[in-house]
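These are the residues of each chain, in order.
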Amino acid sequence: MYEIVRLDLNHCDTDEVKTVPQFGSKRAAALVAYRDKLGGFYDLSQLKEVFSLQNIEADFLAKYFYVHSSDVQKININTATYQDLVRHPYFDAYLTKMILNYRQKNGKISSFEELQRVTHAYPELMERLRHYVVF
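Definitions and cut-offs
Residues numbered from 1 in each chain as written. Predicted model: local features only at pLDDT ≥ 70, side-chain atom pairs only at ≥ 80, totals over all residues. Heavy atoms only, no water. Core = buried A, V, L, I, M, F, W, Y, C linked by side-chain atoms within 4.5 Å. Buried < 20%, exposed > 50% of the residue type's maximum accessible area, 1.4 Å probe, protein only. Helix = DSSP H or I, 4+ residues; strand = E, 2+ residues; numbered from the N terminus. Contact = heavy atoms within 4.5 Å. Salt bridge = Lys/Arg side-chain N within 4 Å of Asp/Glu carboxyl O. Axes fitted to C-alpha atoms, helices over the stretch in contact; angles between N-to-C directions. Parallel < 35°, antiparallel > 145°, perpendicular 65-115°, else oblique. Left-handed = near helix turned anticlockwise from the far one by under 90°.

Description of the nonpolar core
- Of all hydrophobic cores here, the largest spans 39 residues; its most connected members are Phe23, Leu31, Phe65 and Phe91.
- When contributions to this core are tallied by element, the ones reaching two or more residues are α2 (25-38), α3 (58-64), α5 (93-106), α6 (112-119) and α7 (123-129).
- Not counting the four nearest positions on each side in its chain, leucine 31 is found in contact with Leu9, Val17, Phe23, Phe41, Leu47, Val50, Leu53 and Phe65.

Considering the pattern of salt bridges
- A full pass over the atoms with the stated rule returns 5 salt bridges.
- Aspartate 36 serves as the salt-bridge partner of arginine 35, at 3.1 Å between the closest nitrogen and oxygen.
- Taking relative accessible area as the criterion, arginine 35 reaches 9% and is therefore assigned buried.

Quick word on the packing of α5 against α6
- One way to put it is that α5 packs onto α6 with a least axis distance of 9 Å and a crossing angle of 110 degrees. The pairing of α5 with α6 is recorded here as roughly perpendicular in orientation. Between α5 and α6 lies a crossing of right-handed hand. Facing α5, whose interface residues are Leu95, Met98, Ile99 and Tyr102, α6 presents Glu114, Leu115, Val118 and Thr119.

Dropping the structure here:
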């Protein structure tokens, strides 16, 4: 009998991920690439956002992986450039342009409430952004 070693999703590399059953080179690379675009995972449920991982059961993933949400890289919404924002999976060109236009006309955004008002982002997106945005 062997002991299952759980991997820290925000710090493991593709070689470590490939030691997990059902993870070959392509899945491991997709997981790490998406993590790097995000700036880290805040929750295991985000793995379902990776297309090649959508058919893997959540219980299985929880058995092999864990996250520390404090390891997530934050984006300063008031200093980030267009490229900084659109590089992140949760910011599309439209959302980014709304933020930059608002900053140019009105100055800094000071809260999530103001960010939501400026962008009209739907509640689910705002909840995701809470983990990545600082003011």
